[in-house]
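# Remarks on the overall topology
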Amino acid sequence: MNIQVTVNGKAHEKEVEPRLLLVHFLRDDLGLTGTKIGCDTSQCGACVVKMDGKTVKSCTCLAVQADGSEITTSDGVAQDGELDPVQEAFWEKHGLQCGYCTAGMIITAMELIEKNPDPSEDQVRQGLKGNICRCTGYQNIVRAILAAAEAKRS
Amino acid sequence: MTTRIFGSGIRRREDPRLITGDATYTDDVQLPGMVHAAILRSPHAHAKIISIDITEASGAPGVVAVYTGADTDGVLNPIPCAWLPPDCDIKAVDHPAIAKDVVRYQGDAVAVVVAEDRYQAEDALELINVEYEVLPSVVNPEAAMQPGAPQIHEDAPNNQAFHWVAAGGDTDAAFADADVIVKDTILQQRLIPNAMEPRSAVANWTRSMGELTLWSTSQNPHIVRFLGSLVTGIPEHKIRVIATEVGGGFGSKIPMYADEMIASFCSMQLNRPVKWTATRSEGFLATIHGRDHVEHVELAATREGKITGIRSVVYAGMGAYLSTAGPGVPTILHGLIYSGPYDIGATRADIYGVFSNTTPVDAYRGAGRPEATFLIERLIDLLAVELGTDPVELRRKNLIPKFEDGHDVASGITYDSGDYEPLLNMVLGHVDYQALRQEQARMRERGAYMGIGVTCYAEICGLGPSQVAGAVGFGGGLWESAIVRFHPTGKVNVYIGTAPHGQGEETTFAQIIADELGVDVDDVGVIHGDTSNTPMGWGTYGSRTTAVGGAALALAARKVKEKARLLAAHLLEAAEADVEYDDGKFFVKGSPDQSKTIQEIATMANVAWNMPEGMEPGLEASAFYDPPNFVYPFGTHLAVVEVDIDNGNIVIKRYVAGDDCGPQINPMIVEGQIHGGVVQGWGQALWEGVVYDDNGQLLTGSMTDYALPRAHMFPDMEILSTVTPSPHNPLGVKGIGETGAIASTVTVYNAVIDALRPLGVTHLDMPLTPEKVWKAIRQGQGS
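Throughout this description, residue numbers start from 1 for each chain and increase along the sequence as written. As they are written, the chains are lettered A onward and the ligands numbered 1 onward, keeping that order. Since the coordinates come from a predicted model, pLDDT governs what is reported: local features require at least 70, and pairs of side-chain atoms require 80 or more to be given and counted, while whole-chain, interface and lining totals use all residues.

We count a stretch as a helix when DSSP gives it H or I for four or more residues in a row; a strand needs E for two or more, and each element gets its number in order from the N terminus. Within chain B, the secondary structure is distributed over 21 helices and 28 strands. We take the radius of gyration over the C-alpha atoms and set the globule estimate at 2.2 Å times the residue count to the 0.38 power. Relative to a compact globule of 783 residues, whose C-alpha radius of gyration would be 28 Å, chain B shows 27 Å and is just as compact. Projected onto its principal axes, the C-alpha coordinates of chain B cover approximately 90 × 75 × 45 Å. Considering chain B as a whole, with its 783 residues, one finds that 59% of them fall into the buried category. Here, residues touch in the contact sense if the C-beta positions derived from the backbone fall within 7 Å of one another. Contacts in chain B between residues at least 24 apart in sequence constitute 80% of all its contacts with a sequence separation of at least 6. Remark: C-beta atoms are placed from the backbone, and a residue is labelled buried if 20 or more other C-beta atoms sit within 10 Å of its own, exposed if 12 or fewer do, or partly exposed between those counts.

Right, here's the structure in full:
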């Protein structure tokens, strides 16, 4: 099937198998490997991308479902080499160790802050329910998101 | 030295590539002509393979090749176990990369399909017809040793893989003379490590050169090359293993797995690059599990609360085959550390390694030491109840007094340094322990159940002296090496044999170098993870990277500095003895104006226009560091929990981790290690656990069924520390990668039992799920 998708501001038109997962389309067909695959049951959130303004787990979405949509992946968050405040905060607060969950965490965090610019710690923790990190115990991820929210407010 | 960056919590230099998606993990690697492998795994825990028909699969769209055990037999050597403790009658059973006649666990490899894309490879798996004759199976390690249990390997009667004993002091006398003996049976349930990056391999065989390049999700690429050479027969110098970006391991990426060798085999057959990446559910079956002990343990004490002996009989599940380091975990890393931080005259560990029809078991964060800490700390809490004393005071009474340079314990090992009581006092003071106990009493009066758990631990890590490695059957050395190289512009690269995969040593090692050589930390690059450009090293595990690898690096830097000093003397036309160093500069004693920076020296050494007689050009050095002893971090952890007796739900109200890992190079990174370890330990106490059914089917076979800690399940923890340097380490440092997981499981467990004791609950098996807790409360109350 033919699909047209705009990813990180760039338009793509591709022939894809109907069963191709969006995450494989992004990684294998477009070479955007910043998005990761951490599980096969839609549990871990490593593959979270933003599609038409909403976060989706790209392992649970077919590429054909993305036809006509606009997608942002972690590869496209930094603009012209400028880190987003969320990325800055993850760096500053040691919100990552192995880095494998980070793409999904950052996209999730950006949406979380967009929806709630001044979240409480508990709201951040609740907002991360769909993302698993095995390295950090989440403490510094929560700190990072709170700091990023504060940076975006000021 | 005037400035020090050692001790500063600077942010990590590896992060920019990780937060932008620029990093290249194994599954991100794409090579021209690359094909994809998928592995067919046994659906049965134990079965004979009667026949395999690959005809249909071979003709499926996109399929390039299908191989079975008949193809790999005799081409790939068996997957080796590399830790065979001596004097324990160990059965190093055959572990074929692809099963040929018998499958021994659900997940055992049976065939491999290689196809043009991953979807086609997985499609074709379903077209392979395997006829099995299902055999009886056994999953529990204690049950596997009972008469009549199904036999898993012909040459391992009663499924006994080994029987290893560590005994020191007179335990028989300690128990015969004891005023009090407390006992418990502890189930250290199986855990699934779940590094977020699934295992993956990209194998690229170059037939014309006879060379294999293998991208591998490994914690120890040099070991993969070493053992991979033995399995494939490719000479070691013609194998390059690349593991520069690895998404966590926690022990699960130590082993030499069959799958990476199968991918290599496929590449060699096809002369094309082959990628294999595990799905998460496949990883649940085919990546090692951790723990899996059934422990019968007891403790002897006097009426005054002096602990006189600990002994155990442990059935330690090994799974269907011996994984690379599997046998070393419940033995060396467990049975030798039964004293913990306490002065105990006699300890004895009787460890039976047992085969079962399950995924092989190997090191998982803490590896043997969480189990040891659990049994000691659990028994002490039981003793406190028996004696009617405060569990903290009981611990205090038995702590080893401060020592700075060696303390022998009953099992025969010598701790390096320890000062346990200050950290205990610091943690107790931080929470106001007495006030907490009073609050607990008040809450009980109104029917609310709060519990307090306090753990003191000492652990063994920083593996270790190579001579000891040899003596305990470890199939390699445990030293580390490093190269420090100044470039002509005065910038530095260091090349290390250890393989960080999330622990941040690119940053901490640069901090070590910045101070040792007086250069800016940003002028140091740290190269690791590729066997083609790093010196030999035994890898990152056992909290050894900084203690051993960091020490090697410091020693190499000191050699470089000494050469620079001699060259400076030559250039300053001063006597060597008169040239001194401070903060990146060499100067003539008494004339600080006459000086050269180390960068200037580096330039001169590299251009070599004016070298002293006999001095080689260049400014670099390598060092090999073999530690004289392990290191022994220690600490006190405290948990406060509340149990809702109406639904069995447990809430962690407060958690304090007090740890002493010696001088901290980067406190921010140290804290991060503690956070992660503690939460993994909570996972074992409260949520995680492998469930097999009686037929060896993994019921917790995906992230949907296996509960991992998530952010909303607990609050922030609080971190405290003291600094007790290791006397034998060139940097004084100990390890911090595993302490969290070592201490936190039993701390939370003891807190929960402490909460429930008034309700008649004295024992529960982990994980402490609400259902289990609720049922136990009902039983405790006799309803």
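Don't stop here, the text continues.
Residues and elements named next belong to chain B. Domain segmentation is taken from an automatic or database assignment of domains. What the domain assignment lists for chain B is domain 1 (31-135 + 196-248 + 253-286), domain 2 (370-458 + 632-780) and domain 3 (479-625). With eight residues of domain 1 at the contact, the number on the domain 2 side is seven residues. The residue makeup of the side of domain 1 that touches domain 2, split by class, is four nonpolar, three polar and one charged. Residues are sorted three ways: Asp, Glu, Lys and Arg are charged, Ala, Val, Leu, Ile, Met, Phe, Trp, Tyr, Cys and Pro are nonpolar, and all the rest, Gly among them, are polar.

A common way to state how big an interface is: give the accessible area lost once the parts meet. Residue and element names in this part refer to chain A. Split into domains, chain A comes out as domain 1 (2-76) and domain 2 (85-153). The distance between the C-alpha centroids of domain 1 and domain 2 comes to 21 Å. Counting from both sides, the interface comprises 14 residues of domain 1 and, opposite them, 11 residues of domain 2. With three residues, strand 3 (residues 48-51) is the largest single contributor of residues to the side of domain 1 that touches domain 2. For the side of domain 1 that touches domain 2, the class distribution of residues is five nonpolar, seven polar and two charged.

Our focus in this paragraph is the interface of chain A and chain B. Chain A puts 41 residues into the contact, and the matching count from chain B is 40 residues. Taken together, the elements giving at least two residues each to the side of chain A that touches chain B come down to helix 2 (85-92), helix 3 (102-115), helix 4 (121-127) and helix 5 (139-153) of chain A. Ranked by residues supplied to the side of chain A that touches chain B, first place goes to helix 2 of chain A with four residues. Residue classes in the side of chain A that touches chain B are distributed as 18 nonpolar, 17 polar and six charged.

Moving on to the packing of helix 19 (residues 667-687) of chain B against helix 20 (residues 739-756) of chain B. Between two packed helices, what matters for the description is the angle formed by their axes and the separation of those axes. Residue and element names in this part refer to chain B. Axis geometry follows a simple rule: fit a line to the C-alpha atoms, using only the stretch in contact for helices, then measure angles between N-to-C directions, giving values from 0 to 180 degrees. The geometry of helix 19 relative to helix 20 is characterised by a closest axis approach of 7 Å and an angle of 40° between their N-to-C directions. For the element pair helix 19 / helix 20, the angle class is oblique. Read as a crossing pair, helix 19 and helix 20 show a hand that is right-handed. Taking contact as the criterion, the partners of Gln673, Ile674, Gly676, Gly677, Val678, Gln680, Gly681, Trp682, Gln684, Ala685 and Leu686 in helix 19 are, on helix 20, Thr739, Gly740, Ala741, Ala743, Ser744, Thr745, Val748 and Tyr749. For the contact of helix 19 with helix 20, the class distribution of residues is nine nonpolar, 10 polar and no charged. To sort the angles, those under 35 degrees are grouped as roughly parallel, those over 145 as roughly antiparallel, those from 65 to 115 as roughly perpendicular, and the leftovers as oblique. Handedness of a crossing follows from how the near helix is turned relative to the far one, being left-handed for an anticlockwise turn of less than a right angle and right-handed for a clockwise one.

What holds strands together in a sheet is hydrogen bonding between their backbones, with the strands either parallel or antiparallel. Residues and elements named next belong to chain A. Judged by pairing direction, the sheet is mixed, and its five strands sit side by side in the order 2-1-5-3-4 without closing on themselves. Each edge of the open sheet is held by one strand with a lone partner, namely strand 2 (10-15) and strand 4 (54-57). Each strand of the sheet is rotated relative to its neighbour by a mean of 35°, with strand direction disregarded. As paired elements, strand 1 (residues 2-7) and strand 5 (residues 70-72) share two bridges and run parallel to each other. Across the sheet, the residue bridging to threonine 6 is glutamate 70, located in strand 5. By the convention used here, strands pair only if DSSP detects at least 2 bridges between them.

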